[in-house]
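# Coordinate inspection notes
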Amino acid sequence: MKNISRALFLSSFLVIFLFSCKKDEVKNYFEGGTAPVLSASTTAITLGYTTATDEAIKLSWTNPNYTFTTGVSSQDVAYLVEIDKAGNNFTNPQKQTIAVSKALSLSISQTQFNDYMLNQLVLPLNVQSNLEIRVIASFSSGAEALVSNVLSVTATPYAIPPKVPVPIDGTLWMVGDAAPSGWSNPLPTPYDASQQFTQVSETLYELTVNLPGGGGYKLIQQQGDWGKQYHMLAGGTWEGGDFEKKDSDPQFPGPVSSGTYKISVDFQRGKFTVTKQ
C-alpha cells in the first residue's frame, strides 16, 4: 500500500508540474496594427520671410493601435515624418526626416519648412515644388513598422541669408599640401589660376582640379590673407561636410588617392562636397 500511495503521489506531482510548465509557456504574440492615417491642415503651403514664425502646416495621424494577444500595447510608439520631392518614392537620401516621440501630431513653422526645402532637399528658390509627406510608426526599437498614406502638398521656398558668409570679392582659392601649389599664400603662377574656383551662382563655387592625394587644404577668399579663410567643421571627411568662415583648424583633408576631383562649396547650405571625376 505504501508503494501504491507513493506512486499516486508522484503521478499527481508530475501532472501538476507539467501543467505548470505548460502554463508558463504561454507567450504574448504580436497580432498586428493599423497603418496610421495621415492628414494635414493644408496641402497648399504658404511660406514667407515676414511670416517666418507662423505655422506652415500641421500634420496629424491616427494611432496604429499595436495589438498583442494580451491586448493593445502600452509600449511607446515612435514616428518618423518623411518629406520628399514628389516622384522620388522617398528613396532620396536627402529627404527630410523628423523624429516624433509618442505624439500624434506635428506643427512645422514656415521658417522650418523653408529650411527643409532649401538646405535639405536643395529645391530652387521662388519656384513652386510638389512634395510628398508620409509618417512611419514603429516601436521605439524600430520593429513592426507601419507606413501611412502619402499626402501631396505644394510650397515655394523664399530666399534666406546663406549659412556661411560668401567671399567678399566673389573670389575663392584652395591652398595647401593637398593641392599642387603647397601652402604658399599668395599662390604662385600658374596655381593662382588653376586653383581658383568658378562662381556658379551667388552662393555656389566650384573647382575641378588635379590633386596629388593626401595632405590637407584650406579655402581663402583673398590672396595672401589667412584671416578671411574657411575651414572644415568637425565631423567632415575628404568627401564633404560642414564648413565655416574662420581662421582655425581642422583643415579640409585631401582625397586619399591622386586624381581629378570636383570641389563644390555651397555657402547657402554651409556644406562642401568632393567627387572624383
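Cut-offs applied
Residues numbered from 1 in each chain as written. Predicted model: local features only at pLDDT ≥ 70, side-chain atom pairs only at ≥ 80, totals over all residues. Heavy atoms only, no water. Pairing = 2+ DSSP bridges. Helix = DSSP H or I, 4+ residues; strand = E, 2+ residues; numbered from the N terminus. Axes fitted to C-alpha atoms, helices over the stretch in contact; angles between N-to-C directions. Contact = heavy atoms within 4.5 Å. Buried < 20%, exposed > 50% of the residue type's maximum accessible area, 1.4 Å probe, protein only. Polar contact = N/O pair within 3.5 Å; in protein donor to acceptor, adjacent residues only side chain to side chain. Core = buried A, V, L, I, M, F, W, Y, C linked by side-chain atoms within 4.5 Å. pLDDT = per-residue confidence, 0-100. 1 Å grid on protein atoms, 1.4 Å probe; cavity = no way out; pocket = protein on both sides within 12 Å on 5 of 7 lines; lining within 4 Å. Points joined across faces, edges and corners; volume = space filled by probe spheres on them. Salt bridge = Lys/Arg side-chain N within 4 Å of Asp/Glu carboxyl O.

### Observations concerning the sheet that holds strand β8 (residues 105-109)
Read from one edge to the other, the open sheet built from three strands follows the order β2-β3-β8, with strand pairing classed as antiparallel. The sheet is open, and its two borders are formed by β2 (38-40) and β8, each paired with just one other strand. The average angle at which neighbouring strand axes cross in this sheet is 20°, direction not considered. Taken together, the three bridges between β2 and strand β3 (residues 55-61) define a ladder with antiparallel strand orientation. Along β3, the bridge assignment pairs S39 with S60. The strands that helix α2 (residues 110-120) touches are β3 and β8; relative to β8, the one it contacts most, it runs at about 80°.

### As for the side chain of T171
Inspection of the secondary structure assignment puts T171 in the loop between β11 (151-155) and β12 (173-175). Given the relative accessible area of 18%, T171 is considered buried. Looking at T171, its side chain comes within polar contact range of the main-chain oxygen of Q221, at 2.9 Å. Apart from the residues lying within four places of it in its own chain, the contact partners of T171 are Q196, Y205, I220 and Q221.

### A short note on the pairing of strand β6 (residues 77-85)
Pairing of β6 with strand β9 (residues 129-139), which is carried by nine bridges, proceeds in the antiparallel orientation. Residue pairing across strands places D84 opposite E132, the latter belonging to β9. Two elements, β6 and strand β7 (residues 96-101), share six bridges in a ladder whose sense is antiparallel. Counterpart to E82 in the pairing with β7 is T97.

### What to know about the nonpolar core
Of all hydrophobic cores here, the largest spans 33 residues; its most connected members are L59, W61, V81, I83, I108 and F113. Mapped onto this core, the elements with two or more residues apiece are β3, β6, β7, β8, α2, β9 and β11. Among the elements that line this core, the one with the most residues is β9, at five residues. Once residues lying within four places of it in the same chain are set aside, the contact partners of L59 are L38, S39, A40, V81, L104, S105, L106, I108, I133 and L151. Membership of the second largest hydrophobic core comes to 22 residues, among which are A179, L211, I263 and F272.

### Considering the confidence of the model for the protein
Detailed reading of the predicted coordinates is not advisable wherever pLDDT is low. Per-residue confidence for the protein gives a mean pLDDT of 89, with 85% of residues at or over 70. Confidence over residues 21-25 falls short of pLDDT 50; this stretch has zero contacts with residues more than four positions distant or in other chains.

### A look at the layout of surface pockets
Approximately 290 Å³ is the volume found for the largest pocket. In terms of lining residues, the largest pocket is bounded by 13 residues, among which L118, L123, L125, T203 and Q268 are the most central.

### Section: the side chain of K218
Structurally, K218 can be placed in strand β15 (residues 216-220). In this structure K218 comes out as buried when scored by relative accessible area, which is 9%. At 3.3 Å, the side chain of K218 and the side chain of Q229 are in polar contact. In contact with K218, other than residues within four places in its own chain, are W173, M174, V175, W183, Q229, Y230, S248, D249, Q251 and F252.

### A few points about unusual backbone geometry
In this model, N185 is joined to P186 through a cis peptide bond whose omega is 15°. Along the polypeptide, P186 turns up in the loop between β12 and α3 (191-194). Cis geometry marks the peptide bond from T189 to P190, where omega comes out at 10°. Mapped onto the fold, P190 is located in the loop between β12 and α3. Phi is positive for N89, which is not a glycine, with a value near 55°.

### Quick word on the pattern of salt bridges
Within the structure shown, the criterion is met by five salt bridges. Residue K262 pairs with E206 through a salt bridge whose shortest N-O separation is 3.5 Å. With K262 in strand β19 (residues 259-266) and E206 in strand β14 (residues 204-211), this pair connects stretches of sequence that are 56 residues apart. Judged by its relative accessible area of 26%, K262 falls in the partly exposed class.

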